[in-house]
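# Structural overview for review
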Amino acid sequence: HYSGLEEAVYRNIQACKELAQTTRTAYGPNGMNKMVINHLEKLFVTNDAATILRELEVQHPAAKMLVMASHMQEQEVGDGTNFVLVFAGVLLELAEDLLRMGLSVSEASYILITVIEGYEKACKKALEILPDLVCCSAKNLRDVEEVASLLHTSIMSKQYGNEQFLAKLIAQACVSILPDSGHFNVDNIRVCKIVGAGISASSVLHGMVFKKETEGDVTSVKDAKIAVYSCPFDGMITETKGTVLIKNAEELMNFSKGEENLMDLQVKAIADSGANVVVTGGKVADMALHYANKYNLMLVRLNSKWDLRRLCKTVGATALPRLTPPTLEEMGHCNSVYLSEVGDTQVVVFKHEKEDGAISTILIRGSTDNLMDDIERAVDDGVNTFKVLTRDKRLVPGGGATEIELAKQITSYGETCPGLDQYAIKKFAEAFEAIPRALAENSGVKANEVISKLYAMHQEGKKNVGFDIEAEAAAVKDMLEAGVLDTYLGKFWGIKLATNAAVTVLRVDQIIMAKPAGGPKPPSGKKDWDEDQND
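The protein chain has the name T-complex protein 1 subunit theta in an unreviewed UniProt entry, where Alaudala cheleensis is given as its organism. As its UniProt record puts it under Sequence similarities (unreviewed entry), the protein chain is described as follows: "Belongs to the TCP-1 chaperonin family." Quoted verbatim from the Subcellular location (unreviewed entry) field of UniProt, the annotation for the protein chain is "Cytoplasm".

The next thing to look at is the environment of Ala-271. With respect to the helices and strands, the residue Ala-271 is situated in helix H8 (residues 249–272). As for Ala-271 and Ala-292, which are separated by 21 residues in sequence, their C-alpha atoms are 8.5 Å apart. The contact partners of Ala-271, leaving out residues within four places of it in the chain, are Tyr-295 and Leu-297.

Take unusual backbone geometry next. You will see that Asp-223, though not glycine, has its phi angle at about 50°, which is positive. Take Asp-223: it is sitting in strand S6 (residues 220–229). Asp-223 sits in the partly exposed class, given a relative accessible area of 49%. Phi at Asn-296 takes a positive value of approximately 55°, unusual for a residue other than glycine. Assignment of secondary structure puts Asn-296 in the loop between helix H9 (286–294) and strand S8 (298–301).

Take the pattern of salt bridges next. Where charged atoms from two side chains of opposite charge approach closely, those side chains can pair. A complete count under the given rule lists 26 salt bridges for this structure. Of the charged contacts in the structure, one is a salt bridge between Arg-142 and Asp-180, with a shortest N-O distance of 3.8 Å. One end of the pair, Arg-142, is in the loop between strand S3 (136–137) and helix H6 (144–156); the other, Asp-180, is in the loop between helix H7 (163–177) and strand S4 (189–195), and 38 residues separate them in sequence. Measuring nitrogen to oxygen at the nearest pair gives 3.9 Å for the salt bridge that ties Arg-437 to Glu-433. The partly exposed category is assigned to Arg-437, whose relative accessible area is 22%. A residue is classified by how much of its surface remains accessible, and Glu-433, at 15% relative accessible area, is buried. Each of the salt bridges in this network shares a partner with another, and the network as a whole consists of Lys-17, Glu-96 and Arg-100.

Within the largest apolar cluster, 78 residues are counted, with the highest numbers of intra-cluster contacts made by Tyr-119, Leu-406, Ile-410, Phe-428, Phe-432, Ile-495 and Leu-506. In terms of residues, this core owes the most to one element, helix H4 (residues 81–101), which gives 13 residues. In contact with Ile-495, other than residues within four places in its own chain, are Phe-83, Phe-87, Cys-123, Ala-126, Leu-127, Leu-406, Phe-428 and Phe-432. Residues Leu-141, Leu-150, Ala-167 and Phe-386 belong to the second largest nonpolar core, which totals 32 residues.

A sheet is described by the order of its strands in space; here 3 strands give the open sequence S3-S13-S16, paired in antiparallel fashion. Each edge of the open sheet is held by one strand with a lone partner, namely S3 and strand S16 (485–487). Alignment of S3 against strand S13 (residues 394–397), held across 2 bridges, turns out to be antiparallel. Within S13, the position partnered with Ser-137 by the bridge is Arg-394. On the sheet, helix H17 (residues 488–507) packs against S13 and S16 and is oriented at approximately 65° with respect to S16.

The next subject is a nonpolar patch on the surface. On the surface, a cluster of nonpolar side chains totalling about 370 Å² of accessible area is made up of Val-244, Ile-246, Leu-252 and Phe-255. Looking at the secondary structure, you find Phe-255 in helix H8. Judged by its relative accessible area of 46%, Phe-255 is partly exposed.

Two elements in contact, H6 and H7, have axes whose closest approach is 8 Å; the angle formed by their N-to-C orientations is 125°. When the axes of H6 and H7 are compared, the pair comes out oblique. The way H6 lies across H7 gives a crossing that is right-handed. Contact with H6, carried on its side by Val-144, Glu-145, Val-147, Ala-148, Leu-151, His-152, Ile-155 and Met-156, involves Glu-163, Gln-164, Leu-166, Ala-167, Lys-168, Ile-170, Ala-171, Gln-172 and Val-175 of H7 and no other residues of that element.

For the rest of this paragraph, the subject is the domain arrangement of the protein chain. Its domain assignment divides the protein chain into domain 1 (4–135 + 396–507) and domain 2 (204–366). When each unit is reduced to the centre of its C-alpha atoms, the spacing between domain 1 and domain 2 is 53 Å.

Next up on the list: the confidence of the model for the protein chain. Taken over all residues, the pLDDT of the protein chain has a mean of 87, while the share at 70 or more is 93%. Within the protein chain, no element has a lower average pLDDT than helix H1 (residues 4–24), which sits at 84, and none a higher one than helix H12 (residues 401–415), at 94.

So, on to the environment of Val-195. Its location among the elements puts Val-195 in strand S4. Using a relative accessible area of 39% as the deciding quantity, one classes Val-195 as partly exposed. Each C-alpha atom of the pair Val-195 and Gly-366 lies 5.4 Å from the other, and the pair is 171 residues apart in sequence. Those residues within four positions of Val-195 in sequence are excluded, and the remaining contacts are Arg-365, Gly-366, Ser-367, Asp-369 and Met-372.

Reading guide: rules and limits
- Residues numbered from 1 in each chain as written.
- Predicted model: local features only at pLDDT ≥ 70, side-chain atom pairs only at ≥ 80, totals over all residues.
- Heavy atoms only, no water.
- UniProt positions renumbered as here; feature names shortened; annotations may be inferred.
- Helix = DSSP H or I, 4+ residues; strand = E, 2+ residues; numbered from the N terminus.
- Contact = heavy atoms within 4.5 Å.
- Buried < 20%, exposed > 50% of the residue type's maximum accessible area, 1.4 Å probe, protein only.
- Salt bridge = Lys/Arg side-chain N within 4 Å of Asp/Glu carboxyl O.
- Core = buried A, V, L, I, M, F, W, Y, C linked by side-chain atoms within 4.5 Å.
- Pairing = 2+ DSSP bridges.
- Axes fitted to C-alpha atoms, helices over the stretch in contact; angles between N-to-C directions.
- Patch = residues over 30% accessible without salt bridge, like charges linked within 9 Å, V, L, I, M, F, W, Y side chains within 5 Å.
- Areas by Shrake-Rupley, 256 points an atom, 1.4 Å probe, with all protein chains shown as cover.
- Parallel < 35°, antiparallel > 145°, perpendicular 65-115°, else oblique.
- Left-handed = near helix turned anticlockwise from the far one by under 90°.
- Domains from an automatic or database assignment.
- pLDDT = per-residue confidence, 0-100.

Quick look at the structure:
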């Protein structure tokens, strides 16, 4: 018989194990894709754990703890979410084994505390060992070739086979906008997806690309001076309503002429200020469009205020709230603005010729929307990896090499610990085996064989040896030579967050949920009861 405490803990562990098992089969380059249909019936086909978890509605509160840990990893590092889930799931599974081995019912809480303490000690030790496992560091983050080679691993897990091409694209985009201060902003890499062609037709542009058409007749401008307006490109509307009494035809002609003259003067003033491209955040009136064509102004309309802000940042413009002529400081500049056709989609390109622009756009081509969405997720991971490297250039070997070395060293540490803690510490070490095991199982190779080979190589002192994914059978190779490298910060946060999540779940003995009370619902009452009927 289980005590109430054990029963509650087992239930929580079971929920977490099921969630971890879902994403475990998606781990690594050979991981299976999941087809997720969210509450809006939108379809996602991906093996990206962050996307799977974001679109799943996880009900169980304990399993939500793991989801929160992986979200935290997404925010902190931008990659390695699946590592957090798989590792935390295995930690809980092994904690369950320790509980089942446990002593009598009265001592269940004591065993739990021992397990938790052992896990926390082992986690601390793992984070102490991790800096010793660093195999190399990024030397020059402005060298496209070097950066591309460092991004391979994170892109390979999402787009196996296309990693060489995509890594080169992402490296070009990231290096071109890396500021001298070294503070890299992920939002400065934009992605524009256009259906058609294939992945190999994707390209990088310095500047911004919008899936829009120009409003007027002018479709191309060299050496563009850009006026940006957050208001509609239209005549001013007066604050109060006025009534105009027109007595004859002449007055009617003069009235509309006055409006035309006013619009003419406004557009002419903008053209005279030197601007030759107008970007507006609202609708474009027909009369304003006529005068824009008359004065050879290129007109682009952007509905999204976020796009408007990003464009201002790219070209160095200030968004004006009213149709006033811009000063030189308020105008933006770029080498060319032109309407182009990619596939059968019209796009407006704001292009910077110089390399060090504020924003770069990766133009993704692909046969289906789902495929392009998946490539976009791979691009996000690559860009985030670059950002992590700007914070900390250290790298550790991938392919399960780091995990096996940690498992080996923490097992040795466990043997030196007196007391019951040592069982939990050894189980923590065993949990690291789950990563090469998942890689091997997803590649269709005998996992036990791979792990025994890895241990054998690591006992000889070959720290960088990991699982060889490309081999037919259970084979291992040097990950540093193969160029399979993980970021140090990704591993550091992954281990820390997974352990925290597992320990938090183990500490819970009761889940108390507040449900809304039953009974009839209160009357909603008449809406707008205080409104005047005549309005």
